[in-house]
Amino acid sequence: MKGDIFRLGSAVADGVGGPEAGAINLIYTILLQKTEMDVYSFIMINQIGMELNELIMKEGKKIHINIRFPVTQGYSQKSPSEKKNIQLETAHAALLKIAEYDKKLDKNKLENIRKEILAKNFNFYFGMSKEIVCPKNKLLSVQLFVNPQIDKFEYYIQINESGKEKCKVKIYCGGTDVFYISMLFHKIKWKGETEVIINGKEPHVETHVFVDTCKAEFINLTKYEKSPVFEMMRMDISEKEKKKAHGDWLDSMPPESAASLRQQGKEADEYKKRRGIT
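Residues numbered from 1 in each chain as written. Predicted model: local features only at pLDDT ≥ 70, side-chain atom pairs only at ≥ 80, totals over all residues. Heavy atoms only, no water.

Would you take a moment to explain the environment of Pro19 for this structure?
Following the sequence through the fold, Pro19 ends up in the loop between strand 1 (6-10) and helix 1 (22-34). Judged by relative accessible area, which is 63%, Pro19 ranks as exposed. Between the alpha carbons of Pro19 and Gly9 there is a distance of 9.6 Å; along the sequence they are 10 residues apart. Leaving out residues up to four positions away in the same chain, Pro19 has contacts with Ile150 and Thr176. (Helix = DSSP H or I, 4+ residues; strand = E, 2+ residues; numbered from the N terminus. Buried < 20%, exposed > 50% of the residue type's maximum accessible area, 1.4 Å probe, protein only. Contact = heavy atoms within 4.5 Å.)

Dropping the structure here:
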């Protein structure tokens, strides 16, 4: 995967953008590349209301579209399944408009992508690393996968034996993006034939995956009780635990940087209060 090339956003109060669009962003990012339709370095789709005008704007290899897709009342209260289908139809409609405007996207391929997403019910496992073959036993290999969901991204180490999947070991349940993965799971290496060790670009946590038992253990590499970054990005812990991790993260930074981030946080909270955002 080259990187993030697709983004679905919204300029309406109860629209399709935000963290819950992370899964559809990743799905389209990968499927557009897979079908050789990564002709743009970045596609920005912005859902708008009646107060704004529809437009398509190109800037180099980037393309931006404002689309007046029907604003569904109570979108935020709909089920995950309903939200995903609305996201898909918004994205597909916008891409068809881009295809008509610029003639660089294949409408048939876009329809095939839409059909594939529906056929798989939005359930994809994407490889996020190369397949790493065990140096001491060529029949064994591992690979990092992500299963993007509307409210979380689940990461797995898949262990293969003799070319077939032996098991998938869940190693993380994180936020709906992949920007933090290199910080936590960047280097994968074998230790003998029975253990795989995973390190990030930064010393937060060391992950050990055991081939025989298909289980994982985590070693905290920080001075804190739990690694702040590892905990902050998790979606399977309480808000209290996240707040504690965020405080530890700020504590780990230079004082001037921490002060600036705290001020930004206060300003963001005040903005949300003014806009009635919870």
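Where do I start with the pattern of salt bridges in this structure?
When the charged atoms of two side chains with opposite charge come close together, those side chains can pair. Counting across every chain of the model gives 17 salt bridges. Salt-bridge contacts for Lys97 lead to Glu54; the nearest nitrogen and oxygen are separated by 3.9 Å. A residue pair is termed long-range when its members are at least 10 positions apart, and Lys97 in helix 2 (residues 80-102) and Glu54 in the loop between strand 2 (42-47) and strand 3 (55-59) qualify at 43 residues. The partly exposed category is assigned to Glu54, whose relative accessible area is 36%. Lys170 is the partner of Glu154 in a salt bridge, and the nearest nitrogen-oxygen pair spans 3.3 Å. Placement of Glu154 in strand 8 (residues 153-161) and of Lys170 in strand 9 (residues 164-174) is noted, with a sequence separation of 16 residues between them. Residue Glu154 is classed as buried on the basis of its relative accessible area of 8%. Given a relative accessible area of 44%, Lys170 falls into the partly exposed group. (Salt bridge = Lys/Arg side-chain N within 4 Å of Asp/Glu carboxyl O.)

Teacher, can you tell me more about the state of the cysteines here?
The bond known as a disulfide is covalent and runs between the sulfur atoms of two cysteines. A full pass over the atoms with the stated rule returns 1 disulfide. Between Cys167 and Cys214 runs a disulfide, and the two sulfur atoms are separated by 2.0 Å. Looking along the S-S bond of the Cys167-Cys214 disulfide, the torsion reads about -90°, which is the left-handed sense. Here Cys167, found in strand 9, pairs with Cys214, found in the loop between strand 12 (205-210) and strand 13 (215-220); they are 47 residues apart in sequence, far enough to count as distant. (Disulfide = S-S within 2.5 Å.)

Would you mind showing me how to read the side chain of Ser141 here?
Mapping Ser141 onto the fold places it in strand 7 (residues 137-148). Discounting residues that sit within four places of it in the chain, Ser141 has contacts with Glu131, Ile132, Val133, Cys134, Gln158, Ile159, Asn160 and Trp190.

Would you mind showing me how to read the sheet that holds strand 12 here?
As a general point, the strands of a sheet are linked pairwise by backbone hydrogen bonds and lie either parallel or antiparallel. Taken together, the 4 strands give an open sheet; going across it, the order is 10-11-12-13, and neighbouring strands pair in antiparallel fashion. Two strands in the sheet have a free side with no partner beyond their single neighbour: strand 10 (187-191) and strand 13. Taking each pair of neighbouring strands and ignoring which way they run, the sheet shows an average axis angle of 20°. (Pairing = 2+ DSSP bridges. Axes fitted to C-alpha atoms, helices over the stretch in contact; angles between N-to-C directions.)

Structural measurements only, silent on function.
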